[in-house]
Structures are given as structure tokens and as C-alpha cells.
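# Reading the structure
One-letter residues, chain by chain:
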Amino acid sequence: MQDYYKMTGQQVREAVNGTAEPLSDSQVQANVEKFGPNELAEEKKKSILRIFLEQFKDFLVIILIAAAIISGALNDLESALVILVVITINAILGTVQTVKAEQSLTALKAMSAPEAKVLRGGRVVQIPSREVTVGDQIFLEAGDFVPADGRLLENAGLKIDESALTGESLGVEKDLAPIEKEAALGDRINMVYSGSFVTYGRGSFLVTSIGMETEVGKIATLLKTTSEKKTPLQINLDNFGKKLSILILIFCGILFGLSVYRGESAGNAFLFAVALAVAAIPEALSSIVTIVLSFGTQKMAKEHAIIRKLQAVEGLGSVSVICSDKTGTLTQNKMTVEDYYVEGRRIPAAEIDTDDPAQMQLLVHSVLCNDSTIDEEKEIGDPTETALIHIASKVGKDYAAIRSDSPRFSEIPFDSDRKLMSTCHQLEGKSLMVTKGAVDVLLKRISHIQEHGKSRSVTDQDRSAIEEQNMEFSRNGLRVLAFAYKEVAENFEPGTEDETDLTFLGLIAMMDPPREESMAAVAECIDAGIKPVMITGDHKITAAAIAKRIGILKDDSEACEGASIDHMSDEELKSYVEKISVYARVSPEHKIRIVRAWQEKGNIVAMTGDGVNDAPALKQADIGVAMGITGSEVSKDAASMVLTDDNFATIVKAVENGRNIYQNIKHSIQFLLSGNFGAILAVLYASIAALPVPFAPVHLLFINLLTDSLPAIALGLEPHTKDLMKEKPRPSNESILTKSFLTRIGAGGLSIGITTMIAFLIGFHGVFTAAGEGSALLGSTMAFGTLCTARLFHGFNCKSNKPVVFTSKVFNNVYLIAAFFIGLILITAVLTIPGLHEIFKVQTLALPQLFTVYGLAFINIPVIQLFKLIKIKN
Ligand code: ATP
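One numbering rule holds for all chains: residues counted from 1, following each sequence as written. Where totals are concerned, whole chains, interfaces and linings use all residues; where local detail is concerned, this predicted model gives features only for residues with pLDDT of at least 70, and gives and counts side-chain atom pairs only at 80 or more. Values shown for side chains rest on all heavy atoms present in the structure; no hydrogens or waters enter the calculation.

As a further point, take the overall build of the chain. Helix and strand assignments come from DSSP, with helices taken as H or I runs of at least 4 residues and strands as E runs of at least 2, each series counted from the N terminus. When its secondary structure is counted, the chain shows 30 helices and 26 strands. Counting only C-alpha atoms and orienting by the principal axes, one finds that the chain spans roughly 115 × 65 × 45 Å. Relative accessibility thresholds used throughout: buried, under 20% of the residue-type maximum; exposed, over 50%; partly exposed, between the two (1.4 Å probe, protein chains only). Residues classed as buried in the chain amount to 55% of the 874 residues present. We call two residues in contact when some of their heavy atoms are within 4.5 Å. When contacts within the chain are restricted to residue pairs at least 6 apart in sequence, long-range pairs at least 24 apart make up 71% of them. On the chain, roughly 37,200 Å² of surface is accessible, and the fraction owed to carbon and sulfur atoms is 59%. As used throughout, the charge tally considers Lys and Arg to be positive and Asp and Glu to be negative, leaving His and the chain termini uncounted. To locate a charge, the coordinates of NZ of Lys, CZ of Arg, CG of Asp or CD of Glu are taken. The averaged location of the 103 negative side-chain charges in the chain is 7 Å from the averaged location of its 84 positive side-chain charges. Note that accessible areas follow from Shrake-Rupley with a 1.4 Å probe, and for residues the cover is restricted to the protein chains shown.

Here it is in C-alpha cells:
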């Protein structure tokens, strides 16, 4: 390894590439093949076998295994075998689901993987960081991750956070000069290292090593594949599952004791206990949640919201405040210059006259103090700046020629805290620093004003005239930039303290129309009990004008400037935030305080952000939302959701999806638990009434694992209804097992349990047998058939908390209809095909018996719909 920091940039390029030129396409190809992808080796993923074996770790499954062993010991080999076979099938299904869910999460992650700006084929293009190779020239700006190690070639005030590597959290200032002496990693200030990120400035570097060859690759023991943490709902359900199992075991014990006490044989008593355990354990519970969440994230990705943390899906369902940036999220970010204002005259864009020296000067300055480019109609850079180039082109001026005539020799990059940007140029024989930025900020920095091409001292009158003009533009919702300049020494390297004593040149006002969908999305938010808040770096009057247009702001008193919260204590801010809908001139620290204040009031807050400084606020928010198109890499990394279209309406849609997914999961759980509860009631009744065991374990496992899983998943895919966004957000701390939820489970279970026992008694007493004689086997067959079919019907009951079964909504979920028919065919086959009887411990049903089963099962629909109607009425 060479000491690249001791060489100049050009020497490094020659050493690495063998030429002073940038890499050609074929060299890139050769290097990609030679060095491989730019990735850190990950810890080996869990093998499929391991995932499969882990399925048996579940406490509920362990109980079933124990039941199988004891059944075997009691010589009920068939039961033992059936339980084991079904557990294995369950484990296979679980494995497939887990692997699929992981694959889809990995695919989602890849969609939001970091990218790098690299020089390829003579042009700067954006590519995934993993495709960067040795010898590439990478361009950096604030908010970018450094994708590989390399030697700096260009540096405009770069500050880099290298804390991941050195532990030093302050940004390191960079420099281009070769370092002669031996230097430790942290002191090689002309190098940049993978794993760090740019907090300020611009620059470019030549890649010297990638992947595991980078410094971070060398020290990193294998990167842990961050396995997805469980969501609060999953944890909640796991705990519930554990408690439920313990309860079931206690119940089984009591039932066993009771039966033995009543003189049953231990074997028979045990069969009851096993039946109860199998009936009660909802095997599919946790995997259903995983599947529904994973389907949900795929749907959201199609709708432009990429979920980076699974927890966000649930959080979205209870979002009560959405704090959104204005520019680009609520507005189109398609800026067009509307007016120039120079030497006291307002000039509409259509009337710009480049023969007028002052207007031409403003045009030249606006193109010079500007980082954007337009390449074959493709715009690269900040839309505020591309608008300035567009207007120059429109009046016939070539921006590239203007820039090459007056090259930039130093600069202070834009930053949203300072709201200013300055560049220094050689212009008409003078060295000039051109500064542009927010009007209010720039006005504080001027001491002179230009008039008839000459600079003179600025008066209070001048200031009020500029402010008045700024107000007028702002009231029309225009975004205004002010321009000023001052002469500097040749090759002057300015610092922020030099942005003073400037000569005011003029204003440029531009229009950024609201997105068409913003208005509807804001209205939807308000209907859904969610408060939309605009947080913007723009001027208060501009922000208020736009906010009014899209419905966020009703009264001007709801708008304030970020600075007004500076002197407030956190306590004061807490009572203040409720009254405010628009925060203007906000800096990233304000964002954190605003989020915290809302959170302390018990809200779940979604907050958007795009800049490097937004990362802490995105982390603080319950749902940090980054912009996929304009957002910095650092902000995307900190966010839990990335919008691929940067659109506010997408956040609202994601909230709707979040609510729907949560509600669907709840309906799936309700479906599973009420079915199980029905089975428990039937077993308990039989035990108390001294009847034979109504079900063999195989019956219950058949239902729980085969005919119940599909409707449960289908319920998770239920499309959302219009009502969903008419309700208030769900309190985030609300337990899933609310009283009303348990009542629904109880009612469903009772209805299913009663119809099942009626079926058992009909069979047991032989109501429909030719000879008038029933049997325990017939009773058990009919009970099994009814329980299974009733649960299939009950799927429709669980579609909604409202009685929707007798409306057209009953057909809106094809998955549920398919699941119903698959289940019905399976159970009918078991009840009617003689070959299956031995395995499933049933006897063939005659047609009247079969229809009795269907009829009893169907009764559950009208009964539960009636229950819902009564419940809603009360
Ligand atoms: P939002 O926070 O809603 O995205 P914003 O884009 O206006 O709003 P910032 O990018 O922080 O927020 O900009 C703040 C202010 O800084 C703007 O109102 C403008 O006056 C000024 N400004 C924006 N971009 C530039 C730039 N490239 N150069 C100089 N000043 C700028």
C-alpha cells in the first residue's frame, strides 16, 4: 500500500490509473472485474436449515411436541404422528415465509441503498455505491457518504465527519496539499475514508481502495447483517402468546385433574387435555403478522414509500402530526424565475433586457454564484439554482460561457443554517465575491447598494424599499433570493466572517407552485385527525401564502419564524406548538425541538428532512421521512421511510396504508383467536357434560394449520375502505387486546362453539342416521366439519367491525373468497372421500348430515352480523 497522502492528487491518479486521464469505460470494466464490488463482507446469512430449526423454538410448538411425545407414550401413535407431521408442515411454511419476508426486505433496502456521484465517460453520473471502483473520481457534497477511500483532488471547504473511523465527532477540515511526514489516519487531511460523511462543503477524490481493502474494511470484523428488530406489535403478540400458553397449560392441568377425579381413565383425560391445548394454541399468529407486514411494505414501495424499518409500518398507523418541508414536498420544486428587481426597478421575466448593464450584471452573478448544471436537458443540482440558469438561457445567454469567462477560485458553500452562499471570481479584471441568499439575512450584511452601476452607502430608505419589494413578492407566494457582492483580494479564501460589508445588487423572485395533490392530501390529513405542519427555511410570508393555498394555514397567526421559539423553554414550546401550523426560517435544531414538543404531548410525529443537518431530527421523529430524489444520503440513512417521489401526498397514503395494515392484522388475529375460542368452548362443554372428546388432535391441527391460515392471510390483504381516514389516529400505546376487541373474539367464539356443539350432539344422538343411532365418531366428524366450515364463514365476519357481509363489500377481497373455497373443498373432501377417513379420524357423512354441517356453520354469519349491528347501535 502506497502512502498516497504524501503525493499530489495528480501523482496518485497516475499511480492508481497508470495515466493522468480519468478512467476509460474499458478500464472501469477491468477494475470492476479485478477488485469486485465495493462492499464490506457481511456476516453469513442464517442458513435455511437454521431458520427451519428455529421454527421449533416457539413455546407453543414445544407444547405440541410434548403432547405428541406423551400421546406416543400412551400408545396413541397416530395422534403423535399427525401432530409431528403437522408441526413439520407448519415449520416448512414458517421457513418459506421467513425467507420470503427477508428477501423482500433486502430488496426494499437495495432500493434505498446509498449512491455516489462519479465521473464516467466524461460525465458525472449517479450510481449505487457498490459499483464504485478503484480509480474512479467521486464528487462529494454536504450530506453524501464517502463511498470508498481515496485522495482528494478538489476541495471547497470540505468538512468530513470521520467519527465512525476515528471516534472524533467534530467535522475534519480537509486540505489538498501533500503531507511530507508520516501521518496517522486522522491527520491525513488530504484523504477521505469510506464510512465517513460530508457535513459541509464540496470536493472530489480519486478512489484508491474499495470494499474490504478500505480502512474501515480492515478494522471491521464482519458487518453484522442487522436482522430486523421485532415490531411493537410482534413483541406484544409474542408476550401474549406466552401468557396464553401458560394459561392453556394451567387449564389443561385442571381439566386433566377433573377428568381423573371423575373416574375417567388417565389416557382419556389426557386426550381431553391435549385436544384443549391444540385447540387453543394459535400456531399461525406470529407468522401471519410477519407476512401481512411484508406484503404491506411491498405495496407501499409500489406507491413510492420505501420502508426501511419495519416498525415504521405500525407507527404510521398512529401518526397524529406530520411535519413537512415545503420546497419540493408540498410544492413542485419546479422553480421558474418570475421577476428581477435591480436598481429599484421591478422587471418581469419576459421583459429582461440583457443590454441593460444592471440586469446583465444580476444575470451573470446569478449564474456564477451557482452550482447547478443543465446537461442535455438534464438538470443537476438545486432547482432554485437551475431556475437561474434557465432564465439566462431563455434570454439567450450561455451559462457555461459566462462561467468559463469568470472562473471561480474560492467559495463558501450554501448551508441551510446560514442561508447564504458566496463564490469568488475573476470578473472584468477584478476579484469579486458574489453572495446570494435569503433577503432578511443578506440585508444584515450589506453596507452599500448599487445605483447606476456604482456602489454607494445604503440608507434606511433603501432598506425599506427592498424589504417592501420582498414583502410584495412573498405575499404572492414567491421565493426571493437577494444578491450582493464585494471586491476582494486576488485568490482570496473567504470565511463566513467575510460575508459582510457587501454591496446590494438586486433580488430575483421565483415561483414554486404547490403540487396539485397537496391540497387533497392536506384535507385528508385534517379529516383523519392528523395535524399537518409546514416547516420551511423559506420566508414567513412566502410560506404562509403557500400554506394558505393548500389548506395548512387558516389564519396568519398560525405562522411563526423559527427564531421565535429560540427563547422559549421546552415547557412553553409544548403549549405553543398546537397553535402553529407554519414555521418559517427554520434551522435544523428548531426541527428537533418541534418534534420533541409534539412527542411530549403524546403524539406520534412524522417529520420530513433532506439535508445533512436534518439527520438528528429524522432520528428523533417517530417516523423520519427522507426524500428519495433530492435528499442527502445521510438523511436517507437516518430515516425510517424514504419517498421515491418526494411527495407529501405519498406520506398521507403511507399513513393510510399503515392504518389499514394494523387494522387488517387485528382482524386476522380476531379471526384466529375467535375460532380457537370456539373450539375451546366445545371441548370444555364436552368435558363438563361428560361427553366424549369432540375432536381428535388431527382435526384441530387440520383447521389451525390448513384451513385457517389462508383466510387469516387474506384478511391481512383486505383493501382499505374510505372510512379509514375518517377516524382519529389510534393511540400509540393502545394495547391490541382492547375490551371491544376481546368482546368481538368472545362473541365470535361463543357462536362458533355453540353451533359446533349442536353439530356434535346431532351426530352423537344420531338425528340424521338411518337407523336413528348416533356415535361418538359421527358426532366428532360433524363437530369437526362444522367448526372448520364455521371458521371459514367467520372470515367474512372479520372483514370489518361493521356489518358488511350483506353488502357488495363482501366480494371486494378475492383472496378471502379464494381462501374460503379452498378451505371448503378441503374439508368437504375430508368429510366425503372414504380413503381419507383413517388419517383424519372421521366417518363419511350422508348428504343431509353434510348440509346440516354447512347450515350450522353458515348460521354464524347472520348471528355475528346482528351482533355487530347491535354493538354499533349502542
Ligand atoms: P424547505 O425547508 O421547505 O425545503 P427551503 O428549501 O426554502 O425550504 P432551505 O433550503 O434551508 O429551505 O433554504 C432556506 C433559504 O435559503 C431560502 O428561503 C432561500 O432564501 C435561501 N436559499 C435557498 N437555496 C439557496 C441557494 N442555493 N443559495 C443561496 N441561498 C439559498
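Still more to cover.
The next point concerns the pattern of salt bridges. Each salt bridge in this description consists of a side-chain nitrogen of Lys or Arg and a carboxyl oxygen of Asp or Glu lying within 4 Å of one another. Taken as a whole, this structure holds 38 salt bridges when the rule is applied. Note that Asp371 and Arg408 form a salt bridge whose closest N and O atoms lie 2.8 Å from each other. Pair noted here: Asp371 is in the loop between helix H12 (357-368) and strand E12 (373-375) and Arg408 is in strand E14 (residues 408-415), with a separation of 37 residues, a long-range link. With its nearest N and O atoms 3.4 Å apart, the salt bridge here joins Asp415 to Arg418. Each of Arg202, Asp371, Arg408 and Glu411 takes part in salt bridges that share partners, so that together they form one network.

Per the domain assignment, the segments making up the chain are domain 1 (4-42 + 107-225), domain 2 (46-101 + 229-256), domain 3 (282-300 + 654-724 + 737-873), domain 4 (306-332 + 515-646) and domain 5 (336-511). Residue ranges assigned to the domains are those given by an automatic or database domain assignment. Taken over C-alpha atoms, the centre of domain 1 sits 59 Å from the centre of domain 3.

The pairing criterion for strands is at least two bridges between them, as found by DSSP. What the 8 strands build is an open sheet, ordered E8-E26-E25-E24-E9-E21-E23-E22; its pairing is mixed. Of all strands in the sheet, those bounded by a partner on one side alone are strand E8 (305-307) and strand E22 (559-561). Ignoring which end each strand starts from, the neighbouring axes of this sheet average 20° apart. Pairing analysis gives 3 bridges linking strand E25 (residues 623-627) to strand E26 (residues 641-643), with the strands arranged parallel. Bridge pairing in E26 links Val625 to Met641. Axis lines are fitted to C-alpha atoms, over the contacting stretch for helices. Their N-to-C directions set the angle, which ranges from 0 to 180 degrees. Those strands touched by helix H18 (residues 540-550) are strand E21 (531-535), E22 and strand E23 (582-584), and its axis lies near 155° from that of E23. Contacts from helix H23 (residues 648-688) reach E8, strand E9 (321-324), E21, strand E24 (605-609), E25 and E26, with the element oriented near 160° to E9.

Any residue with a non-hydrogen atom lying within 4 Å of a molecule or strand is treated as near it. Not every one of the 20 residues close to the ligand is listed here, only the nearest: Lys326, Thr327, Glu385, Lys436 and Arg479. Here an oxygen atom of the ligand sits 3.0 Å away from a polar atom, N or O, in the main chain of Thr327. Considered on its own, the ligand offers 600 Å² of accessible surface; in the complex 91% of this is hidden by protein. Of all the secondary structure elements, the ones that give two or more residues to the shell around the ligand are strand E16 (430-438) and strand E19 (479-487). A breakdown of the residues in the shell around the ligand according to their chemical character gives 6 nonpolar, 5 polar and 9 charged. For this analysis, a polar contact is any N or O atom pair within 3.5 Å, provided that within protein one partner can donate a hydrogen and the other can accept it, and provided that sequence-adjacent residues contribute only side-chain to side-chain pairs. Throughout, the ten residues Ala, Val, Leu, Ile, Met, Phe, Trp, Tyr, Cys and Pro are labelled nonpolar, Asp, Glu, Lys and Arg are labelled charged, and all others, Gly among them, are labelled polar.

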